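Commentary on secondary and tertiary structure
Chain residues, written in single-letter form:
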Amino acid sequence: MKNYKTKDLIIQNILLLIPLIIYGLYKNGYLIYEKKLISIVGIFKPLYLVLIGVIIKIIIDLIRYKKIKTDYNLVYSVLIGMIMPYNINIYIYIIAFTLLYILSIFLEKYLKFNKVCFIYLVIILINFLLNEYTFKSILELKYDYSFSFLDLLFGRSVGGISSTNILFSLIAYSIFITNFYYKKDVPLAINASYLLLAIIYFLFTNNSEYLLNSDLVFGSIFIATLPMYSPYRIKEQIIYSILIGLLTFLLSLYFNSIISIYLVIFIISLLANIKKIKITKVVK
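Residues numbered from 1 in each chain as written. Predicted model: local features only at pLDDT ≥ 70, side-chain atom pairs only at ≥ 80, totals over all residues. Heavy atoms only, no water.

Counting secondary structure elements, the protein chain contains twelve helices and zero strands. Listed N to C, the secondary structure of the protein chain is α-α-α-α-α-α-α-α-α-α-α-α in terms of helices and strands. Taking 19 Å as the expected radius of gyration for a compact globule of 284 residues, we find that the protein chain reaches 19 Å, a close match to that expectation. Summarising its shape, the C-alpha atoms of the protein chain cover approximately 60 × 50 × 40 Å along the three principal directions. Burial status across the protein chain gives 48% buried among its 284 residues. Of the contacts formed within the protein chain by residues at least 6 apart in sequence, a portion of 74% connects residues at least 24 apart. Each charge class in the protein chain can be summarised by its mean position, and for the 27 positive and 13 negative side chains these summaries are 12 Å apart. (Helix = DSSP H or I, 4+ residues; strand = E, 2+ residues; numbered from the N terminus. Rg over C-alpha atoms; globule rule 2.2 N^0.38 Å. Buried < 20%, exposed > 50% of the residue type's maximum accessible area, 1.4 Å probe, protein only. Contact = heavy atoms within 4.5 Å. Lys, Arg positive; Asp, Glu negative; His and termini not counted. Charge placed at Lys NZ, Arg CZ, Asp CG, Glu CD.)

And the structure:
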C-alpha cells in the first residue's frame, strides 16, 4: 500500500509539472524564436533540460538495478531541469548533472540533504563561473519589460526556465491538497511568513519587487514538500516552513531572490543531520 501511494504521488507530481514545462517552452522558446533570436531547435531547450535529467536517471537505474525504477529520483530529475537558468550551457548541464547525481547517491548514505537543491546549486555555481551571471533569457536581456500583476501571475517574470508560472503552480497546489500524503501546510506557511515580511518591507520602502516571487511559489509547492527531505509531524512542518519563508525573504534582500529559496531549503535539510548525530551519540 505504501509503495502504491508513493508511486501515485510521483505520477501526480510529473503530471502537474507538465503545464509548467509547456509554458516554459512558450516563454523561453517560442517567444524568443518569434523574435528570430534563436533557431527552431532552441525552442525546445526547456524540454531538453528535463529529458536530459530523466535519461541520465534511467541510465544509472539500468546500471545499478538492471531495471528502471519509478521513484522520487524521477521527480527530482524533472524539477532540476525546470529551475535551471535560461543561459545554462547544455554540455555543462549534462556533465555536471551526471557527476552530481552519482555523487549524491554516495553522499546520501552518510548525510541527509535535499538532492534537488544540492544538484541545482552546484550546477548554477559552475555555470555562472563559466558564463554570464544572469537568469534572464536572450529576450529579457535584449528588451526592458514592465509587467503588470497579471503578467507576473501568468509567468512573465525572470526565474527558472520552466518555473515562473505562478498560476499553474497554484492550480497544481489546489490539486495536491486533495492527496492525503501531500504536505499541504508547508507551502501555506512558507508563503505566509515570506509575504508578511515582504508586505512590511513594502510599507516602509514602497518597494514591491519582493511581493511576487515565482520561484518561491514553485519551490514551496514542489520542492519544500518532498517527502524524503521535509518533516512528517505537523508542528515540525510549521517550524520548518516558517524558517524557510523568513530566511528566504531576508536572503533575497542581500543575495538573489531566485536562488534564495533553494539555498535555504538545502541548508535547513542539512540541519536534520545534527539531530541524527545527537540521537546516535545518545544511543551509543
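One full turn of an α-helix is made of 3.6 residues, so residues set three or four places apart face in the same direction. When you tally the buried positions in helix 10 (residues 214-223), you get ten out of ten residues, the bulk of the element. For helix 10, every residue scored as buried is listed here: S214, D215, L216, V217, F218, G219, S220, I221, F222 and I223. Taking the backbone nitrogen of D215 as reference, a side-chain oxygen 3.1 Å away marks N213 as the first, capping residue of helix 10. (Polar contact = N/O pair within 3.5 Å; in protein donor to acceptor, adjacent residues only side chain to side chain.)

Turning our attention to the layout of surface pockets. Taken as a whole, the second largest pocket spans an internal volume of roughly 690 Å³. Considering the residues around the second largest pocket, the lining is formed by 26 residues, among which L152, S157, V158, E209 and L212 are closest to the centre. By residue class, the composition of the lining of the second largest pocket is 13 nonpolar, seven polar and six charged. (1 Å grid on protein atoms, 1.4 Å probe; cavity = no way out; pocket = protein on both sides within 12 Å on 5 of 7 lines; lining within 4 Å. Points joined across faces, edges and corners; volume = space filled by probe spheres on them. Nonpolar A, V, L, I, M, F, W, Y, C, P; charged D, E, K, R; others polar.)

This next bit is on the pattern of salt bridges. Opposite charge on two side chains allows them to pair when their charged atoms are near. Tallied over the entire structure, the rule returns four salt bridges. In this structure, D71 and K57 form a salt bridge, with 3.2 Å as the shortest nitrogen-oxygen distance. In this pair, D71 sits in the loop between helix 2 (45-65) and helix 3 (72-82) while K57 sits in helix 2, placing the two residues 14 residues apart along the sequence. No difference in accessibility class separates D71 from K57, as the two residues are buried. (Salt bridge = Lys/Arg side-chain N within 4 Å of Asp/Glu carboxyl O.)

Take S193: it is sitting in helix 9 (residues 185-205). The exposure class assigned to S193 is buried, which follows from its relative accessible area of 8%. Of note is the side chain of S193, whose polar atom sits 2.8 Å from the backbone oxygen of A189. Those residues in contact with S193, other than ones at most four positions away along the chain, are S241, I242, G245 and L246.

Attention now goes to helix 11 (residues 234-254). If you check helix 11, its first and last C-alpha atoms are 31 Å apart, about what 21 residues at 1.5 Å a residue would give, namely 30 Å. Buried within helix 11 are the following residues: Q237, Y240, S241, I244, G245, T248, F249 and S252. Along the long axis of helix 11, the arc covered by the buried residues comes to 155°, so they all point the same way. Facing away from the buried side of helix 11, by more than 90 degrees, are the exposed residues K235, I239 and Y254. (Expected span 1.5 Å × (residues − 1). Arc of directions from axis to C-beta.)

Another aspect to go through is a positive patch on the surface. There is a patch of like positive charges on the surface, built from K7, R64, K67, K69 and K109. With respect to the helices and strands, K67 occurs in the loop between helix 2 and helix 3. (Patch = residues over 30% accessible without salt bridge, like charges linked within 9 Å, V, L, I, M, F, W, Y side chains within 5 Å. Areas by Shrake-Rupley, 256 points an atom, 1.4 Å probe, with all protein chains shown as cover.)

The next subject is the packing of helix 2 against helix 4 (residues 90-107). Interhelical geometry of helix 2 versus helix 4 gives an angle of 35° and a closest axis separation of 10 Å. You can see that helix 2 and helix 4 cross each other, and the crossing is right-handed. Contacts between helix 2 and helix 4 pair K45, L49, I52, G53, I56, K57, I60 and R64 from the former with I90, Y93, I94, F97, T98, Y101, I102 and I105 from the latter. A breakdown of the residues in the contact of helix 2 with helix 4 according to their chemical character gives eleven nonpolar, two polar and three charged. (Axes fitted to C-alpha atoms, helices over the stretch in contact; angles between N-to-C directions. Left-handed = near helix turned anticlockwise from the far one by under 90°.)

Think of a pair of aromatic rings as described by two things: how far the centres are apart, and how the planes are tilted against each other in angle. Counted under the stated rule, the structure contains 22 aromatic pairs. Arranged with centres 5.8 Å apart and planes meeting at 20°, the rings of F97 and Y101 form a pair that is stacked. Taken as a pair, F97 and Y101 lie in helix 4 at a separation of four residues, close to a single helical turn. Across this residue pair, the class does not change: F97 and Y101 are buried. Members of the aromatic cluster, each reached through a chain of ring pairs, are Y173, F176, Y182, F218 and F222. The lysine or arginine in question, K45, covers the ring of Y86, its NZ or CZ lying 4.9 Å from the ring centre. The ring of Y232 has K183 lying over it, and the distance from NZ or CZ to the ring centre is 4.1 Å. (Phe/Tyr/Trp six-rings, centres within 6.5 Å; stacked < 30°, edge-to-face > 60°. Lys NZ or Arg CZ within 6 Å of the ring centre and 35° of its normal.)

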